[in-house]
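# Structure at a glance
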Amino acid sequence: MTLRWEGRCSSCGEWGTYEEFEDESVSTTITGSTNPATPAKAVSIKSVAHGKGQRRSVRISSGIGEFDRVLGSGFVDGEVVLVTGEPGIGKSTLLTQLSIILSQKYKVLYVAGEESVGQVSQRYTRVNESGSLGDNIEITPENDVDAVCALLEKSDHKFVIVDSIQSVRTSASKGYPGSISQVRLSGQRLMELAKRSDKILLIVGQINKEGAIAGPKVLEHMVDAVIHFEGSKEGYFRILRPLKNRFGATTEIGIFEMMEKGFREVPNPSEIFIDTADLSPGAALGAVIEGSRVVLLEVQALVVDHGSSPGPLRRVANGIKRQRLEMLCAVLSRRGGVFLADKDVYVNISGGLNVNSTSMDLAICAAISSSLNDKALSKEHVYAGEVGLTGETKPFYGIDQVRKEVERLGYKKVFMPMLGGRGARKSSKASVFQQVVKHVSSI
């Protein structure tokens, strides 16, 4: 608390967090209050689950398969979804396409806090493939949350899109739109309405320069799902990744391709991440598990002489963690006999996908060895497995699923550890890494 205006909080260091309020003299004591609260009502969970008139919660499909995959088979009544991503990544475009599909069965309200009605209308015209828009989509440029909620109280809109939460305001806060207090209170007001009326709310959330969601952390705690839209703005592909999901898994991803009229679903990601042409030296095929699907990826590596260049050796990683690349380079040098002490190593995951799974270790090692020996690997071979510090190759989560998918796609050979107890030789588990290094050098 301060008696004068402050731009920045001296405690937390954030800007615009102070709120102005009038001092109201209310005589209260520790033992009681002049205005006792009305007792809350509680109901038995059994009566809610099996009582008369209670309808069963049914998933509502978005009409976009990749979006449903990320949500967990569709929306739930009263669900609040926060969609975030870099500026210009395509959040508004995706939600525009989504609203067009949903409008075939439900009424949709688009709250355009950042754009005029004419600007939003132009985007609808651009992405609409059918050429005609029904009466189920309505647009309002109103950025007063209280006015929007008053409209929704009397309307039958099932879906509400707020673009964005940083552009709306409520009279409950004296802060400017986008401030921490405005984002928190506006989000709370909209969420209470959605839960009370079973409306489904989709909120666009901008991110700050650090890459985190702008505004208070409590906004992420309040909503039911946080979905992050990622990818390179210069590239064609976008990835929808759930960071939080109360009604589904957070391991699934949705993949889209940017087209002239918006986004197109990519049901088989391996088709876009792998080139059908022969591999060049330094390229290898790997596999990762993303939720319930197997994704085949191309790993590209470039090994060059450091020479007399000043400074330390370069280990540049794009799509994987740099620490992981440094560790794999050390294992290759010490356990695989691949001399990298005077080499700069660059590794890239094709397609712009960020990989956290250790199942790509073996493919990265194969790509580095291929680049160092300047020998191209076969496009019919797949490498999958976690490489340890001692040079052993360990199984990973979903290894059987990867094996079945590789066989289904018709690849001739897969280098991966064998699970014990299934007819595999125990010695093969510790020798796959050395087998790959020898295989590359013998090409």
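Residues numbered from 1 in each chain as written. Predicted model: local features only at pLDDT ≥ 70, side-chain atom pairs only at ≥ 80, totals over all residues. Heavy atoms only, no water.

Per an unreviewed UniProt entry, the protein carries the name DNA repair protein RadA and comes from Candidatus Dojkabacteria bacterium.

## Structural notes on the overall build of the protein
We count it as follows: Elements are defined by DSSP. Helices are runs of H or I of four residues or more, strands are runs of E of two residues or more, and each kind is numbered from the N terminus. Think of it in three bands: residues with accessible area under 20% of the maximum for their type are buried, residues over 50% are exposed, and the middle band is partly exposed, with areas taken using a 1.4 Å probe on protein chains only. In what follows, a contact means two residues having at least one pair of non-hydrogen atoms within 4.5 Å. Using a 1.4 Å probe, the Shrake-Rupley method yields the accessible areas, and only the shown protein chains count as cover for residues.
Along its length, the protein carries 13 helices and 17 strands. The buried share of the protein, reckoned over its 443 residues, is 46%. Residue pairs in contact within the protein that sit at least 24 positions apart in sequence constitute 69% of those at least 6 positions apart. When the accessible surface of the protein is split by element, carbon and sulfur atoms take 51% of a total near 23200 Å².

## Here's the deal with the side chain of Ser181
We apply this condition: The definition of a polar contact used here is a pair of N or O atoms within 3.5 Å, where within protein one atom must be able to donate a hydrogen and the other to accept one, and adjacent residues in sequence count solely through side-chain atom pairs.
In this structure, Ser181 sits in helix H6 (residues 180-197). When its relative accessible area of 3% is taken as the criterion, Ser181 is described as buried. A distance of 2.9 Å separates polar atoms of two side chains, one belonging to Ser181 and the other to Ser173.

## Notes on the pairing of strand S10 (residues 283-290)
Regular strands place their side chains on alternate faces of the sheet. Quick reminder of the rule: At least two DSSP bridges between two strands are needed for those strands to be called paired.
Counting buried residues along S10, eight of its eight residues qualify, which places the element largely inside the surrounding structure. The pairing of S10 with strand S11 (residues 293-305) spans eight bridges and is antiparallel. Across the sheet, residue Glu290 finds its bridge partner in S11, namely Arg293. Where S10 folds back on S11, the antiparallel hairpin that results is connected by two residues, among which Gly291 adopts a positive phi of roughly 70°.

## A word on helix H13 (residues 432-441)
Condition: By arc we mean the arc of the directions from the helix axis to the C-beta atoms, nothing more.
The complete set of buried residues in H13 reads Val432, Phe433, Val436, Val437 and Val440. Take H13 and look down its axis: the buried residues cluster within an arc of 140°, on one side only.

## Describing the nonpolar core
As a rule of thumb, nonpolar side chains are buried together in soluble globular proteins. Keep this limit in mind: Take the buried residues of types Ala, Val, Leu, Ile, Met, Phe, Trp, Tyr and Cys, join any two whose side-chain atoms come within 4.5 Å, and each joined set is a nonpolar core.
Leu297, Val347, Met360, Ile364, Ile368 and Tyr383 are the most contacted members of the largest nonpolar core, which has 43 residues in total. Take this core: its biggest share by element is seven residues, from helix H10 (residues 361-373). In this view, Val347 contacts Val299, Gln300, Ala301, Val316, Ala317, Asn318, Ile320, Leu325, Ile364 and Ile368; residues no more than four positions away in its chain are not counted. Core analysis: the next-biggest nonpolar cluster, separate from the first, contains 32 residues, Tyr110, Ile161, Ile227 and Phe229 among them.

## What about the sheet that holds strand S8 (residues 254-259)?
Our working definition: Whenever a helix is involved, its axis is fitted only over the stretch in contact; in every case the axis is a line through C-alpha atoms, and angles between N-to-C directions fall within 0 to 180 degrees.
With respect to topology, nine strands assemble into an open sheet ordered S3-S2-S4-S5-S1-S6-S7-S8-S9, the strand pairing being mixed. Among the strands making up the open sheet, the edge pair consists of strand S3 (137-140) and strand S9 (262-265). Pairs of neighbouring strands in the sheet enclose a mean axial angle of 25°, with direction left out of account. Inspection of the sheet shows strand S1 (residues 80-85) paired to strand S5 (residues 200-205) by five bridges, in the parallel sense. Looking at the pairing, Leu82 lines up with Ile203 of S5.

## What to know about the pairing of S8
In this structure, strand S7 (residues 237-245) lies alongside S8, joined through four bridges in antiparallel fashion. Paired with Arg238 across the strands is Phe256, a residue of S8. Relative to S9, S8 is paired through four bridges, and the arrangement is antiparallel. Bridge assignment links Glu257 to a residue of S9, and that residue is Arg264. Between the antiparallel neighbours S8 and S9 lie two residues.

## Focus on the packing of helix H3 (residues 91-102) against helix H4 (residues 117-127)
To be explicit about the condition: Should an angle fall under 35 degrees it is taken as roughly parallel, and over 145 as roughly antiparallel, whereas 65 to 115 is taken as roughly perpendicular and any remaining angle as oblique. Two helices that cross are described as forming a left-handed crossing if the nearer one is turned anticlockwise from the farther one by less than a right angle, and a right-handed crossing if clockwise.
Taken N-terminus to C-terminus, the directions of H3 and H4 make an angle of 70°; their axes are 10 Å apart at the nearest point. Here H3 lies roughly perpendicular to H4, going by the angle between them. As H3 runs across H4, the sense of the crossing is right-handed. For the pair H3 and H4, contact is made by Ser92, Thr93, Thr96, Gln97, Ser99 and Ile100 and by Arg123, Tyr124, Arg126 and Val127, respectively.

## So, the side chain of Glu230
Within the secondary structure, Glu230 sits in strand S6 (residues 225-230). Here Arg241 takes part through its side chain, which lies 3.0 Å from a polar atom of the side chain of Glu230. Glu230 has contacts with Ile89, Arg238, Ile239, Arg241 and Asn354, leaving out every residue within four places of it along the chain.

## Section: the pattern of salt bridges
Spelled out, the test is: Here, a salt bridge means any side-chain nitrogen of Lys or Arg that lies within 4 Å of a carboxyl oxygen of Asp or Glu.
Applying the stated rule across the entire model yields 23 salt bridges. Note that Glu66 is salt-bridged to Arg293, the shortest N-O span being 3.0 Å. Highlighted residues: Glu66 in helix H2 (residues 65-71) and Arg293 in strand S11, separated in sequence by 227 residues. The same class applies to Glu66 as to Arg293, namely buried. Residue Glu252 is joined to Arg69 by a salt bridge in which the shortest nitrogen-to-oxygen separation is 3.6 Å. With a gap of 183 residues between them, Glu252 in the loop between S7 and S8 and Arg69 in helix H2 connect regions that are remote in the sequence. In the salt-bridge network here, residues are joined through shared partners; they are Glu66, Arg69, Glu252 and Arg293.

## Here's the deal with unusual backbone geometry
With an omega dihedral of 10°, the bond running from Asp163 to Ser164 counts as a cis peptide bond. Considering the arrangement of structural elements, one finds Ser164 in the loop between strand S4 (159-163) and H6. With a phi angle near 65°, Asp198 is a residue other than glycine that sits in the positive phi range. Tracing the backbone through its elements, the reader meets Asp198 in the loop between H6 and S5.

## What to know about the environment of Arg293
Since its relative accessible area comes to 7%, Arg293 is described here as buried. Sequence separation of Arg293 and Pro267 is 26 residues, and the distance between their C-alpha atoms is 9.9 Å. In this structure, Arg293 is in contact with Glu66, Arg69, Ile253, Ile255, Val266, Pro267, Pro269, Val288 and Gln401, ignoring residues within four places of it in sequence. A distance of 3.0 Å separates polar atoms of two side chains, one belonging to Arg293 and the other to Glu66.

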